[in-house]
Amino acid sequence: LCQTLRRVLTLLRQWHAPRDLGLGDDVRQSGCERLLTLLYIQWCGSGVSPLPAQRDHGEEIRACVGFDDIARQLALEAEAFRASGAAAPPAYGPLTEHWNVVSINAPGFLGVARGPECETRIRHHQLVAIKRRSASGFQLAVVQWLRREEDGQLSVGLRLLPGLPHLSPVRAAATAEGEAGDIPGVRLPAAPEMRTPATLVLPPGVFSPGKTVALTAGTTRSARLIRLAERGADFERAVAAQSIRPPTPGEGPIPRRCRC
């Protein structure tokens with residue numbers, strides 16, 4: 001299956017028509033390539049090895065599903081920390097669910113079991129935040145694969161995103177449709193050991209190449225969105241340039257330094 005998908009994807013990227021490859025007459029090249037790429041990642045990528053037949057539940061974790069709920073959960077934790085200091089208890093609530101780790105397939109990949117009592121809708125390539133007992137905070141992950149078990153539980157494969165997430169509301173420039181307003185955003189620091197740059201996790205539709213946004217957490221700073229690192233079912237993860245100090249009113253643009 002992996003070899004077949006790779007061969008078909010190679011031919012599609014060489015602009016062979018999908019109908020010539022036996023994929024049907026009613027599909028477009030771009031959409032077909034995206035779909036097969038997603039299937040290849042979910043079926044054949046790292047961390048998708050079969051779960052053991054005897055699924056012993058291991059470490060208990062708390063999970064939050066979906067970008068919007070993750071942003072609210074991170075805001076609750078930040079508020080609890082400011083109110084009570086470092087010794088504040090975890091701000092768990094109705095936004096989180098109880099999951100169990102089933103397997104660690106590869107570094108950065110987890111297989112987890114989600115009980116039938118969990119009712120939040122979950123789908124492929126959706127953003128998830130998990131809190132392990134040994135961790136100081138939540139960690140972001142992406143749903144890699146899903147499988148319904150005979151006992152009603154849902155097995156979920158997660159691909160972990162490196163870095164400790166920090167809630168960072170984002171304000172884009174005002175448009176003709178209305179005034180600019182803050183939207184939720186999550187900042188992930190760079191991970192040099194994994195060759196991963198700093199990124200901003202944003203709601204769908206916010207990213208555009210070269211767009212400048214203001215990070216309004218604490219001291220307002222600006223950042224330029226360089227490229228899209230990943231587009232998920234309910235999020236966009238953009239590589240952001242190093243934040244620069246915004247000019248104060250009346251100061252004008254920051255002059256460039258001459259490299260003589």
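Residues numbered from 1 in each chain as written. Predicted model: local features only at pLDDT ≥ 70, side-chain atom pairs only at ≥ 80, totals over all residues. Heavy atoms only, no water.

Colleague: Explanation requested: helix 1 (residues 2-13) in the structure shown.
Modeller: Note that an α-helix has 3.6 residues per turn; residues three or four places apart therefore point the same way. Spanning 12 residues, helix 1 covers 16 Å between terminal C-alpha atoms, matching the ideal 16 Å at 1.5 Å per step. Regarding helix 1, the residues found buried are Leu 5, Val 8, Leu 9 and Leu 12. Burial along helix 1 is one-sided: seen end-on, the buried residues are contained in an arc of 100°. Exposed residues lying more than 90 degrees from the buried face of helix 1 are Gln 3 and Arg 7. (Helix = DSSP H or I, 4+ residues; strand = E, 2+ residues; numbered from the N terminus. Expected span 1.5 Å × (residues − 1). Buried < 20%, exposed > 50% of the residue type's maximum accessible area, 1.4 Å probe, protein only. Arc of directions from axis to C-beta.)

Colleague: Could you clarify how one ought to interpret the pattern of salt bridges in this entry?
Modeller: Once the charged atoms of two side chains with opposite charge are near each other, the side chains can pair. Under the definition given, this model contains 9 salt bridges. Where Arg 159 meets Glu 230, a salt bridge forms, and the shortest distance between an N and an O atom there is 2.5 Å. Taken together, the positions of Arg 159 in strand 6 (residues 154-160) and Glu 230 in strand 13 (residues 221-231) put the pair 71 residues apart, joining distant regions of the chain. Summarising the burial analysis for this pair, Arg 159 and Glu 230 share the class buried. In this structure, the salt-bridge partner of Glu 236 is Arg 231, at a minimum N-O distance of 3.8 Å. Residue class for Arg 231 comes out exposed when judged on its relative accessible area of 53%. Three or more residues are tied together by salt bridges with common partners; here these are Arg 159, Glu 230 and Arg 237. (Salt bridge = Lys/Arg side-chain N within 4 Å of Asp/Glu carboxyl O.)

Colleague: Before we go on, may I ask you to explain the sheet that holds strand 10 (residues 186-188) in this structure?
Modeller: What holds strands together in a sheet is hydrogen bonding between their backbones, with the strands either parallel or antiparallel. One open sheet accounts for 8 strands, arranged 7-10-11-14-13-12-8-9; its pairing is antiparallel. On the outer flanks of this sheet lie strand 7 (166-167) and strand 9 (182-183), each paired with one strand and no other. Examined bridge by bridge, strand 8 (residues 170-171) and strand 12 (residues 212-215) share 2 bridges and lie antiparallel to one another. Note that in strand 12 the partner of Val 170 across the bridge is Leu 215. (Pairing = 2+ DSSP bridges.)

Colleague: Hey, could you run me through the environment of Ser 30 in this one?
Modeller: Structurally, the position occupied by Ser 30 is in helix 2 (residues 29-44). Look at Ser 30 and you get partly exposed, because its relative accessible area is 33%. The spacing of Ser 30 and Pro 18 is 12 residues in sequence and 9.7 Å in space, taken between C-alpha atoms.

Colleague: Is there a simple way to think about the pairing of strand 5 (residues 139-148) in this case?
Modeller: Walk down a regular strand and you will see the side chains alternate between the two sheet faces. Both strand 4 (residues 127-132) and strand 5 contribute to a ladder of 4 bridges, which runs antiparallel. Paired with Leu 127 across the two strands is Val 142, which belongs to strand 5. Across 7 bridges, strand 5 lies against strand 6 in antiparallel orientation. Within strand 6, the position partnered with Arg 148 by the bridge is Leu 154. The turn linking strand 5 back onto strand 6 is made up of 5 residues, and Gly 152 within it adopts a positive phi angle of 95°.

Colleague: What's the story with the nonpolar core in this structure? I'm lost.
Modeller: Nonpolar side chains in soluble globular proteins tend to end up buried together. Trp 99, Val 112, Ile 122, Ile 130, Val 156 and Leu 158 are the most contacted members of the largest nonpolar core, which totals 17 residues. Among the elements that take part in this core, strand 6 stands out by supplying 4 residues, more than any other. With sequence-adjacent residues up to four places away left out, Val 156 is seen in contact with Leu 110, Gly 111, Val 112, Ile 122, Val 143, Trp 145 and Leu 146. The next biggest cluster of nonpolar side chains, apart from the first, holds 14 residues, and it includes Ile 70, Leu 74, Val 186 and Phe 235. (Core = buried A, V, L, I, M, F, W, Y, C linked by side-chain atoms within 4.5 Å. Contact = heavy atoms within 4.5 Å.)

Colleague: Teacher, can you tell me more about unusual backbone geometry here?
Modeller: Phi is mostly negative for residues that are not glycine, and the peptide bonds are mostly trans. Backbone geometry places Trp 15, a non-glycine residue, at a positive phi of 65°. Mapped onto the fold, Trp 15 is located in the loop between helix 1 and helix 2. Even without being a glycine, His 125 presents a positive backbone phi close to 60°. Summarising the element assignment, His 125 is placed in the loop between strand 3 (109-114) and strand 4.

Colleague: Please explain the side chain of Arg 114 as it appears in this structure.
Modeller: Position of Arg 114 among the secondary structure elements: in strand 3. Within polar-contact distance, the side chain of Arg 114 engages the side chain of Glu 97 at 2.9 Å. Apart from residues no more than four positions distant in its own chain, Arg 114 is found in contact with Glu 97, Trp 99, Glu 119, Thr 120, Ile 122, Gln 153 and Leu 154. (Polar contact = N/O pair within 3.5 Å; in protein donor to acceptor, adjacent residues only side chain to side chain.)

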